[in-house]
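A structural walkthrough
Next come the chains, spelled out residue by residue.
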Amino acid sequence: MIRFEGVSRRYGEQAAVDRVTLEVPRGSICVLLGESGSGKSTLMRMVNRLVEPSAGRVLVDGRDVAGADPEELRRGIGYVIQSVGLFPHWRVADNIATVPRLLGWEPARIAARVETLLELVGLEATLFRDRFPHELSGGQAQRVGLARALAADPPLLLMDEPFSALDPGTRRGLQVALREIHAETGKTILFVTHDVEEALALADRLAVLDQGQLVAQGRPAALLEGAAQGPVRRIFGEESLAFHRLATLPARSLARVGDADALPMLPADATLKQALMLMLSENSARLALPAEAGFGGGTLHWTDLVTAR
Ligand SMILES: Nc1ncnc2c1ncn2[C@@H]1O[C@H](COP(=O)(O)OP(=O)(O)OP(=O)(O)O)[C@@H](O)[C@H]1O
């Protein structure tokens, strides 16, 4: 879907992005992770031509974006940023309808689309449609921003630290909402964050940037397998690596057959990190895992979890 081929971006002597080659498969959530100044936003903004590469090229669906008309390109790519950027004097519905209007959709089709999108992002249409941006909380505004980016049903979404200004609870809620929307719509999503937990909560694939260079890429579990070295070790935090690794593994991978009666119950798709958190909060060294298609259910034991590799 997106292919960066040896792309660099220089500002004077400095390479903000340095010879990055990376493929983002169709339908995946690929997270660009790195410390502040590592080049994440610069790399992402090459996709919708807010930044032009000094070298290399960016392909979307096999086509070099350098040959596309920037306005037209951007209309086909959803873009969500931290500051949301809603038009303050427009109601929520009008904000969401920005691109469909530009595309000349009929009013009835636009109104129906706005309703669908508000529901999709978890906002009741009758309550929110006619509000102005200043009548929304930060989390609600970000949901509207997401609805606006999805309005014309673009196959690709670029999301640049969209949840960074929100409190931890709201942020987790939006991460869950985004995963659900992704499962429902199958969009390809390129997501920038410097937050390791957010990256692991969202990513099908991770691309780790350090000083403009791509230093690791792949599935989160593979990336954190064994002893991560160098910048990856630093970015994930040496003392937290084992904990983060638990977030990449399904709880059911360590399930034993056993009597689960009266034990605290995990969701079927929980990770080992969620299991550890539930054990701590419930003061229970054992948990139950529900049966699901292809899995007969079972129990999870603290001793297995702490010795997991
Ligand atoms: N227009 C510009 N002119 C000069 N330098 C720039 C410009 N844009 C970015 N840079 C530099 O390029 C480097 C990478 O910036 P970028 O914004 O891509 O990093 P980032 O990883 O997204 O950081 P953050 O998480 O803080 O947003 C930084 O050192 C930044 O100062």
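Because the structure is predicted, anything quoted here is derived from the model rather than measured.

A separate point is the overall build of the protein chain. Each helix and strand counted, the protein chain has 14 helices and twelve strands in total. Compactness check: the protein chain gives a C-alpha radius of gyration of 21 Å against a globular reference of 19 Å for 309 residues, within 12% of the reference. C-alpha extents for the protein chain along the principal axes are approximately 60 × 55 × 35 Å. For the protein chain, the share of sequence-separated contacts (at least 6 apart) that also reach a separation of at least 24 residues comes to 64%.

Another point: the pairing of strand β9 (residues 205-210). Burial analysis of β9 places five of its six residues in the buried class, which makes it a mostly covered element. When strand β3 (residues 29-33) meets β9, the two strands line up parallel, connected through four bridges. Its bridge partner being in β9, L32 is matched across the sheet by A207. Pairing between β9 and strand β10 (residues 213-218): five bridges, direction antiparallel. For D210, the partnering residue across the bridge sits in β10 and is Q213. Taking the residues between adjacent antiparallel strands as the criterion, β9 and β10 are bridged by two residues, where Q211 takes a positive phi near 50 degrees.

Right, let's get into the sheet that holds strand β8 (residues 188-193). The mixed open sheet is built from six strands, whose spatial order is β6-β7-β8-β3-β9-β10. Single-partner strands in this sheet number two, and they are β6 (77-81) and β10. Neighbour to neighbour, the strand axes of the sheet diverge by 15 degrees on average, direction disregarded. Helix-sheet contacts for helix α7 (residues 138-150) involve β6 and β7 (156-160), and the interaxial angle to β6 is about 165 degrees.

Spanning 13 residues, α7 covers 19 Å between terminal C-alpha atoms, matching the ideal 18 Å at 1.5 Å per step. By the criterion of burial, α7 is predominantly enclosed, with ten of the 13 residues buried. For α7, the full list of buried residues reads A141, Q142, R143, V144, G145, L146, A147, R148, A149 and L150. Each element contacted by the buried residues of α7 is listed here: β6, α3 (92-96), α4 (98-102), α5 (107-120), β7 and α8 (168-185).

With domains assigned, the protein chain is organised as domain 1 (2-239) and domain 2 (249-306). Taken over C-alpha atoms, the centre of domain 1 sits 33 Å from the centre of domain 2.

Every residue near the ligand is listed here: Y11, A16, G34, S36, G37, S38, G39, K40, S41, T42 and H194. Per-element tally for the shell around the ligand: the top contributor is helix α1 (residues 40-45), with three residues. Taken together, the residues of the shell around the ligand break down into two nonpolar, eight polar and one charged.

Among the structural elements, G298 can be located in strand β12 (residues 298-301). Linking G298 and P53, residues 245 residues apart in sequence, is a C-alpha distance of 52 Å. Other than its neighbours up to four places away in sequence, G298 contacts A255, R256, V257, G258, A260 and L289.

Turning our eyes to something else, we now look at the packing of α7 against α8. Packed helices, taken two at a time, are described by the angle their axes make and the gap between the axes. Across the interface, α7 lies against α8 with an axial gap of 10 Å and an inter-helix angle of 20 degrees. When the axes of α7 and α8 are compared, the pair comes out roughly parallel. Note that α7 runs across α8; the crossing there is right-handed. Counted together, G138, G139 and Q142 of α7 and T170, G173 and L174 of α8 form the full contact between these two elements. For the contact of α7 with α8, a count of residues per class yields one nonpolar, five polar and no charged.

Ranked by internal contacts, the top residues of the largest apolar core, which has 65 residues, are V31, L32, V47, I96, A147 and L190. Ranked by the residues each element gives to this core, the list is headed by α7, at six residues. Setting aside its immediate chain neighbours within four residues, A147 contacts I96, L117, L118, L120 and V121. Counting residues in each nonpolar core, the second largest holds ten residues, with A251, A255, L266 and L287 among its members.

Residue D61 is not a glycine yet carries a positive backbone phi of 55 degrees. With respect to the helices, strands and loops of the structure, D61 is situated in the loop between β4 (55-60) and β5 (63-64). For D61, a count of 13 C-beta atoms within 10 Å puts it in the partly exposed group. With a phi close to 60 degrees, D153 is a non-glycine residue in the positive phi region. Looking at the element boundaries, D153 is found in the loop between α7 and β7.

Pairing geometry for strand β1 (residues 2-11) and strand β2 (residues 14-24), over seven bridges, is antiparallel. Looking at the pairing, I2 lines up with V24 of β2. In sequence, β1 turns back onto β2 through a hairpin of two residues, with G12 there showing a positive phi of about 60 degrees.

What counts, and where the lines are drawn
Residues numbered from 1 in each chain as written. Predicted model: local features only at pLDDT ≥ 70, side-chain atom pairs only at ≥ 80, totals over all residues. Helix = DSSP H or I, 4+ residues; strand = E, 2+ residues; numbered from the N terminus. Rg over C-alpha atoms; globule rule 2.2 N^0.38 Å. Contact = placed C-beta atoms within 7 Å. Buried ≥ 20, exposed ≤ 12 C-beta atoms within 10 Å, placed from the backbone. Pairing = 2+ DSSP bridges. Axes fitted to C-alpha atoms, helices over the stretch in contact; angles between N-to-C directions. Expected span 1.5 Å × (residues − 1). Domains from an automatic or database assignment. Near = placed C-beta within 6 Å. Nonpolar A, V, L, I, M, F, W, Y, C, P; charged D, E, K, R; others polar. Parallel < 35°, antiparallel > 145°, perpendicular 65-115°, else oblique. Left-handed = near helix turned anticlockwise from the far one by under 90°. Core = buried A, V, L, I, M, F, W, Y, C linked by C-beta atoms within 7 Å.

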